[in-house]
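The chain contents come next:
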Amino acid sequence: MATMTYLQAISDGLRQEMRADQRVMVMGEDIGVFGGAFKVTDGFIAEFGPDRVMDTPLAESGIVGTAIGAAVVGLRPVCEMQFSDFIACGFDQLVNVAGKMHYRQGLAVPITVRLPSGGGFSGGPFHSQNPEAWFMQSPGIKVVAPSTAEDAKGLMISAIRDPNPVCYMEHKHLYRRIKGEVPDGIYETPFTARVAREGTELTIVTYGAMVHTALEATEDLDGASVEVLDLRSLVPLDTEAILASVRKTSKVLIVDEANRTCAAGAEVAAVIAEHAFEDLDGPVTRIATPDVPIPFSPPLEQAVLPSVDRVKEAARELLAY
Amino acid sequence: MATMTYLQAISDGLRQEMRADQRVMVMGEDIGVFGGAFKVTDGFIAEFGPDRVMDTPLAESGIVGTAIGAAVVGLRPVCEMQFSDFIACGFDQLVNVAGKMHYRQGLAVPITVRLPSGGGFSGGPFHSQNPEAWFMQSPGIKVVAPSTAEDAKGLMISAIRDPNPVCYMEHKHLYRRIKGEVPDGIYETPFTARVAREGTELTIVTYGAMVHTALEATEDLDGASVEVLDLRSLVPLDTEAILASVRKTSKVLIVDEANRTCAAGAEVAAVIAEHAFEDLDGPVTRIATPDVPIPFSPPLEQAVLPSVDRVKEAARELLAY
Amino acid sequence: MATETARPPVAEGPDAQHLTRDDRVELLRYMLLMRGIEERAMNLYRQGKVPGSFYDGYGQEAVSAGACFAMAPEDRLCILHRDLAAHLIRGVTPTRILAQYMGREGGITRGRDGNVHFGDKEVGCVGMVSMLPDMMLVATGMAMAFKAQGQQRCALTWFGDGSTSRGDWHEAMNWAGVQRLPVIFILENNQYAYSTPLSQQFAVNPVERAAAYGFPGFAVDGNDAEAMFEAVRQARERALAGDGPTMIEAVTMRMHGHAAHDDMKYVPKEQVEEWRQKDPIERQERRLVELGVDVDALRAEVKAAIDAATEEALQSPMPDPATATEGVFCTDPEPDILGDGVPRWSGFLKGA
Amino acid sequence: MATETARPPVAEGPDAQHLTRDDRVELLRYMLLMRGIEERAMNLYRQGKVPGSFYDGYGQEAVSAGACFAMAPEDRLCILHRDLAAHLIRGVTPTRILAQYMGREGGITRGRDGNVHFGDKEVGCVGMVSMLPDMMLVATGMAMAFKAQGQQRCALTWFGDGSTSRGDWHEAMNWAGVQRLPVIFILENNQYAYSTPLSQQFAVNPVERAAAYGFPGFAVDGNDAEAMFEAVRQARERALAGDGPTMIEAVTMRMHGHAAHDDMKYVPKEQVEEWRQKDPIERQERRLVELGVDVDALRAEVKAAIDAATEEALQSPMPDPATATEGVFCTDPEPDILGDGVPRWSGFLKGA
Ligand SMILES: Cc1ncc(C[n+]2csc(CCOP(=O)(O)OP(=O)(O)O)c2C)c(N)n1
Ligand SMILES: Cc1ncc(C[n+]2csc(CCOP(=O)(O)OP(=O)(O)O)c2C)c(N)n1
Ligand SMILES: [Mg+2]
Ligand SMILES: [Mg+2]
């Protein structure tokens with residue numbers, strides 16, 4: 001065990017898996033000599049060489065498309081988008097080529113696409129998005145979103161080992177802010193939800209950076225017993241864990257940093273509304289970023305991102321319901 | 001008034017608006033001399049000339065991107081995607097350039113993107129998608145989806161007149177199958193929901209081709225009084241109309257042809273679960289296409305698309321709940 | 001640049017050095033098979049047995065047959081919608097192709113995907129997606145993997161004239177060029193993209209652009225299977241020698257409509273007539289007749305094979321609707337990767 | 001093709017025919033303003049007053065100043081992240097630019113977007129998005145509209161060397177070429193894309209590709225504002241004459257890191273040193289000193305303007321959080337389109 005930041009844990013997972021499996025390569029813009037915009041692959045090129053740590057041209061469709069080609073002939077490419085927002089430029093290759101391949105012709109596409117996502121530091125409209133729901137809406141793509149250092153490493157390894165395209169949502173605002181004990185060596189984190197805190201009176205369903213917002217908001221909420229469920233995986237979605245928790249608490253608050261409409265939180269709400277109707281003692285409440293590009297200026301950005309205070313307020317309302 | 005097919009009504013709306021407003025132009029692959037893959041713009045080039053009816057290179061990003069450029073200097077471009085599936089290739093320009101422009105710098109982007117969508121005729125995984133939820137998840141883009149000939153024309157005109165980017169979802173399976181009375185001349189259909197049939201015991205919330213499936217399924221459902229709400233517009237979403245209907249009937253079934261997860265139907269369910277909790281007498285039930293690429297072979301395709309029978313069954317269950 | 005946009009350096013006429021008499025017969029066989037299967041499929045389409053739409057490569061048979069014949073079993077391909085002969089040469093049976101068109105369980109995609117959108121992973125092919133020319137990048141990625149692993153293999157893909165307008169074309173060209181990858185790009189210039197003539201697609205023929213990416217581009221008579229073979233054979237040698245990509249323009253003509261529903265009113269009759277004179281199958285037949293080959297017997301053989309395949313394909317059941325949602329995800333942690341094709345050219349047999 | 005990839009046909013040295021003495025002073029003024037504002041902004045960044053990251057165009061001032069100076073008020077532009085002088089020349093005040101960097105209400109985007117991602121619609125500019133080089137297509141579309149409406153106007157955009165690898169670059173080049181549109185593309189070749197050197201971006205310099213799209217490409221000394229002006233002036237004449245697009249490579253060097261956080265360890269010191277000798281501002285100053293211009297006075301004037309602008313920008317309030325969700329959609333059915341810029345070059349004043 002070692003204490004690592006979320007960012008170090010991502011690097012560690014990648015590095016260990018590259019040591020363990022010659023087929024694993026990383027590719028992306030400025031990830032080689034420079035070590036990546038966020039330094040996730042710092043030092044990799046020295047250890048693994050330029051064939052396995054590939055600086056690519058500035059071409060996201062190219063990154064995803066060539067990764068698919070490399071995957072079907074036996075490699076296990078891990079692609080980095082410099083920011084998750086740029087996946088819009090590689091969207092077609094991901095949803096149409098990678099996502100539909102196995103269903104169409106039984107050919108597996110084991111690629112991992114690293115998507116540094118999320119806001120909170122004045123990244124503005126093009127460096128703050130949480131685009132996971134686009135891929136939840138696109139069949140054939142798995143989506144994971146770690147919130148802790150331990151899961152960041154374990155999910156990285158599981159994502160690489162998974163024989164399907166996996167979008168690995170890494171929240172930039174957790175990179176250096178979140179630290180934790182991380183097991184040594186190789187381990188796989190399953191694509192299932194995790195109870196981040198047990199509770200009996202209210203369930204908060206969330207993932208990624210919002211797990212920490214939810215925990216902080218309900219750490220000491222007038223003594224209420226609040227369960228926080230960290231989804232970890234969005235595709236597959238652990239509906240069993242969600243429903244089990246809701247059955248226990250009868251009240252649910254969903255906290256999602258993405259733009260509200262048709263986001264992961266909407267899907268979770270829909271699942272609960274259909275399958276836990278009898279168990280609910282209050283409305284399925286959603287907190288999310290309104291449908292607005294993420295503004296740059298701090299007061300504006302803070303006004304749109306879900307905050308500890310908003311979560312507190314909504315939780316109190318539901319508890320009192 | 002004249003009787004027109006849904007397809008003719010789209011053409012008529014486009015043609016009338018081009019006659020009324022010199023700024024309106026249409027552009028896309030094979031839309032000029034050939035009149036478009038579905039013949040929506042048949043005869044247009046003869047009437048309006050090649051500068052206003054532009055055959056473009058095979059380049060979807062180019063179509064959307066140049067339309068944006070033309071719009072900000074004063075034109076009102078209507079772009080055709082040959083199939084809605086190809087918007088994945090123009091995705092970045094639409095969500096990042098068009099969608100965020102007005103918020104960022106107060107510059108309007110009045111473009112309409114025609115998206116021939118939907119399955120039902122062995123189009124297979126690349127010619128059958130319902131991609132509207134991608135754009136519902138992307139701030140700054142309006143999304144409309146007519147189900148009748150009258151609305152197809154009226155929404156086309158409203159979409160062109162709207163000063164924002166509008167995705168106009170035209171369901172291919174309605175093109176020649178659906179006919180109706182269409183008012184002459186120019187009229188605008190508002191971006192609000194429409195009660196396709198009034199009822200008191202159950203609400204079906206739906207849009208596009210599924211309106212017809214819902215109407216057929218509940219035409220004579222053991223004498224039950226089923227309200228069918230045709231959303232018509234997905235962004236903005238007419239939550240008032242949805243909630244008013246649910247308050248009246250207390251039961252709701254959502255029918256959506258898109259892949260289930262994070263689709264428009266999920267959003268509708270989430271809205272209801274949050275804001276009509278007290279009014280519900282049964283689970284918010286969703287029928288949608290499972291998360292699978294739309295298969296080509298008829299028995300497979302029929303197995304995944306929502307059918308009249310599945311709607312009947314779900315409606316009966318809810319009515320009996 | 002212009003100097004490289006030329007025919008590849010080949011002696012005129014059939015290349016006796018590299019193609020044996022048997023090879024030349026095989027080339028004809030696969031072109032005949034392609035045409036025969038597509039004609040049969042069109043009949044089945046008219047009978048309502050082929051769902052959706054139907055695309056064919058009538059008149060373009062030499063492009064895929066000649067090119068694929070030069071590819072080794074361990075090479076990998078992304079085959080386009082007018083390149084049926086390539087599937088056949090790699091080893092896909094006519095039965096499975098016809099079953100594919102009809103959406104049967106016995107088709108390559110088991111009814112999941114339709115018509116030409118298939119590839120048989122067992123014989124080293126990735127099925128195309130509809131979005132053109134996405135497969136350029138997939139082929140480039142295969143070549144990237146070969147080079148990264150120091151393997152002596154190459155990748156090949158075709159693409160249409162119209163599809164060169166799209167961004168992925170450029171990303172692939174640039175990527176392959178800057179990394180000097182063992183990949184062969186075949187521009188299938190059949191004069192139209194759906195209804196759009198070349199003049200509305202580009203101001204300069206894309207083959208002229210190859211040099212602007214740092215590799216050679218050659219124009220080849222796309223209706224001459226042997227010329228196609230020779231150009232690709234040389235391109236493959238360059239690729240394996242580490243000399244990077246090659247682009248080959250196969251100059252040909254789409255003799256049918258874009259798809260079954262298209263009457264191609266937009267194509268001048270004379271243009272079609274002119275190209276009819278250059279039919280690639282008749283051309284290869286004339287050569288073989290000169291060599292004393294019994295072409296009629298070959299035709300009969302091919303027809304019999306297609307008859308039998310049709311029967312068999314019609315026996316294949318429609319897929320079970322209960323399976324419709326299966327296979328979206330791969331559940332095998334160590335799934336098969338692409339397999340090898342069948343060696344067809346005698347040059348590979350000698351080598352083996 | 002190679003013959004067109006050359007300097008545009010200009011006599012060496014300052015172009016006395018087209019630039020008056022005042023014009024040449026103005027060019028220097030805007031370059032000094034750009035550098036001064038960016039230096040000031042970097043200080044504000046270090047003081048924590050500029051949120052997010054910060055990008056500048058140190059050493060590249062001539063590229064935007066020279067090019068934009070040649071554009072008429074009725075022309076339209078998409079300005080890139082290292083082209084601040086273009087905003088100034090079009091008519092955006094230093095105060096609004098500094099307020100923009102600091103996320104204030106008085107900035108061009110009123111705090112909605114950050115740093116260089118802005119454009120002032122009042123003066124005919126569309127703010128860039130982050131995704132490079134998306135604006136190539138927007139500029140192409142503006143030119144398409146001008147041509148469709150028979151207007152005598154043109155569009156211009158810049159793009160970086162690295163961004164030429166992306167598909168949108170190609171779609172724009174091809175589209176502009178095949179439709180012969182009045183658009184000017186300026187390749188800002190500053191030797192790097194973030195940490196990536198040219199050798200990993202392309203095998204052939206993109207300016208060499210212009211001919212492959214059917215229009216000329218010229219390489220210009222990007223550190224010479226007057227050469228940039230003259231190249232763009234000529235390109236604009238060609239565009240207005242109906243002769244289609246022009247690509248101009250501005251050969252320059254990114255003298256600072258990619259953004260404020262980047263120490264550019266990956267750039268050899270000698271390379272930076274070599275380019276320091278070619279500073280575009282010093283160069284223009286030397287010319288003007290020879291003409292007897294009081295450059296020190298100009299510098300003082302510019303500094304005073306920036307001081308005043310800084311004060312004013314700091315007075316601008318932060319945006320009201322209550323407005324954070326406003327303006328996603330336009331509610332005016334007849335919204336303003338892009339407006340005209342300020343005529344700066346004497347050639348436009350004469351004409352008026
Ligand atoms: C990205 C994309 N946009 C649109 C289409 C629709 N479409 C199918 S084939 C075709 C024309 C293709 O022309 P070309 O590349 O020349 O190939 P050909 O069919 O002539 O062999 C078009 C526009 C498509 N398949 N992909
Ligand atoms: C599509 C896209 N991918 C990645 C990035 C991240 N990024 C920002 S600037 C940059 C390098 C750009 O290089 P170049 O085009 O040469 O412009 P320069 O900054 O050198 O002026 C990168 C990779 C981006 N902005 N857009
Ligand atoms: Mg073609
Ligand atoms: Mg650069």
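Criteria and cut-off values
- Residues numbered from 1 in each chain as written.
- Chains lettered and ligands numbered in written order.
- Predicted model: local features only at pLDDT ≥ 70, side-chain atom pairs only at ≥ 80, totals over all residues.
- Heavy atoms only, no water.
- Near = heavy atom within 4 Å.
- Polar contact = N/O pair within 3.5 Å; in protein donor to acceptor, adjacent residues only side chain to side chain.
- Areas by Shrake-Rupley, 256 points an atom, 1.4 Å probe, with all protein chains shown as cover.
- Donors = N, O, S within 2.8 Å, 3.2 Å for Na, K, Ca; no water.
- Helix = DSSP H or I, 4+ residues; strand = E, 2+ residues; numbered from the N terminus.
- Buried < 20%, exposed > 50% of the residue type's maximum accessible area, 1.4 Å probe, protein only.
- Contact = heavy atoms within 4.5 Å.
- Buried area = accessible area lost by both parts, 1.4 Å probe.
- Salt bridge = Lys/Arg side-chain N within 4 Å of Asp/Glu carboxyl O.
- Phe/Tyr/Trp six-rings, centres within 6.5 Å; stacked < 30°, edge-to-face > 60°.
- Lys NZ or Arg CZ within 6 Å of the ring centre and 35° of its normal.
- Nonpolar A, V, L, I, M, F, W, Y, C, P; charged D, E, K, R; others polar.

Here's the deal with the site of ligand 1
Close to ligand 1 lie 21 residues, the nearest being Glu-60 of chain B together with His-81, Arg-82, Ser-130 and Tyr-192 of chain C. Bordering ligand 1 are residues originating from chains B and C. Glu-60 of chain B has a polar side-chain atom sitting 2.5 Å from a nitrogen atom of ligand 1. Here Gln-82 of chain B contributes a side-chain N or O atom positioned 3.4 Å from a nitrogen atom of ligand 1. Isolated, ligand 1 exposes 580 Å² of accessible area, and the fraction of that covered by the protein chains is 96%.

A closer look at the coordination of the magnesium ion (ligand 4)
All names here are of chain D. Surrounding the magnesium ion (ligand 4) are the protein donor atoms Asp-161 (OD), Asn-190 (OD1) and Tyr-192 (O), at 2.0 to 2.1 Å. Between consecutive donors of the magnesium ion (ligand 4), the numbers of intervening residues give the motif D-x28-N-x1-Y. You can see Asp-161 sitting in the loop between strand S3 (155-160) and helix H6 (167-178) and its partner Asn-190 sitting in the loop between strand S4 (183-189) and strand S5 (192-193), a full 29 residues away along the chain. Under the relative-accessibility criterion, Asp-161 is labelled buried at 0%. The class of Asn-190 is buried, set by a relative accessible area of 6%.

Things to note about the interface of chain C and chain A
Of the residues lining the interface, 44 residues belong to chain C; the matching set on chain A comes to 44 residues. Here chain C and chain A share an interface that buries about 3,400 Å² over both sides, 63% of which is from carbon and sulfur atoms. Interface area lost by chain C to chain A is led by Trp-175, Phe-329 and Cys-330 of chain C, which between them contribute 18%. Run the count over chain C and chain A and you get four salt bridges. Salt-bridge contacts for Arg-23 of chain A lead to Glu-334 of chain C; the nearest nitrogen and oxygen are separated by 2.9 Å. Our count for the chain C to chain A interface comes out at 18 residue pairs in polar contact (both at pLDDT 80 or more). Elements supplying a minimum of two residues to the side of chain C that touches chain A: strand S2 (125-127), helix H5 (135-148) and helix H6 (167-178) of chain C. Counting residues per element, the side of chain C that touches chain A draws most heavily on H5 of chain C, which supplies nine residues.

Remarks on the packing of aromatic side chains
Within this structure, the stated rule accounts for 41 aromatic pairs over all chains. Ring centres 6.3 Å apart and planes at 45° place the aromatic pair Tyr-6 of chain A and Tyr-175 of chain A in the tilted group. Of this pair, Tyr-6 of chain A sits in helix H1 (residues 6-20) while Tyr-175 of chain A is found in the loop between strand S7 (166-171) and strand S8 (179-182), placing the two residues 169 residues apart along the sequence. With 6.4 Å between their ring centres and 85° between their planes, Trp-134 of chain A and Phe-135 of chain A make a pair best called edge-to-face. Accessibility assignment for this pair places Trp-134 of chain A and Phe-135 of chain A in one class, buried. In textbook terms, an aromatic cluster arises when at least three aromatic residues are bridged by ring pairs, as seen for Phe-91, Trp-134 and Phe-135 of chain A together with Phe-91, Trp-134 and Phe-135 of chain B. The ring of Phe-34 of chain B has Lys-39 of chain B lying over it, and the distance from NZ or CZ to the ring centre is 3.8 Å. Lying over the aromatic face of Trp-275 of chain C, Lys-278 of chain C brings its terminal NZ or CZ to 4.0 Å of the ring centre.

Observations regarding the interface of chain B and chain A
When the parts come together, some accessible area is lost, and that loss is often what is quoted as the size of the interface. Each partner contributes residues to the interface: chain B has 47 residues there, and chain A has 47 residues. Where chain B abuts chain A, roughly 4,300 Å² becomes buried across the two surfaces, and 62% of that area is made up of carbon and sulfur atoms. Run the count over chain B and chain A and you get four salt bridges. Two residues, Glu-267 of chain A and Arg-286 of chain B, come together in a salt bridge whose shortest N-O distance is 3.0 Å. Those elements that provide at least two residues to the side of chain B that touches chain A are helix H4 (91-105), helix H5 (132-136), helix H9 (264-275) and strand S14 (285-289) of chain B. It is H9 of chain B that contributes the most residues to the side of chain B that touches chain A, eight residues altogether. Each residue belonging to the side of chain B that touches chain A can be placed in one class, and the counts come to 27 nonpolar, nine polar and eleven charged.

Interpretation in functional terms is not warranted from these geometric data alone.
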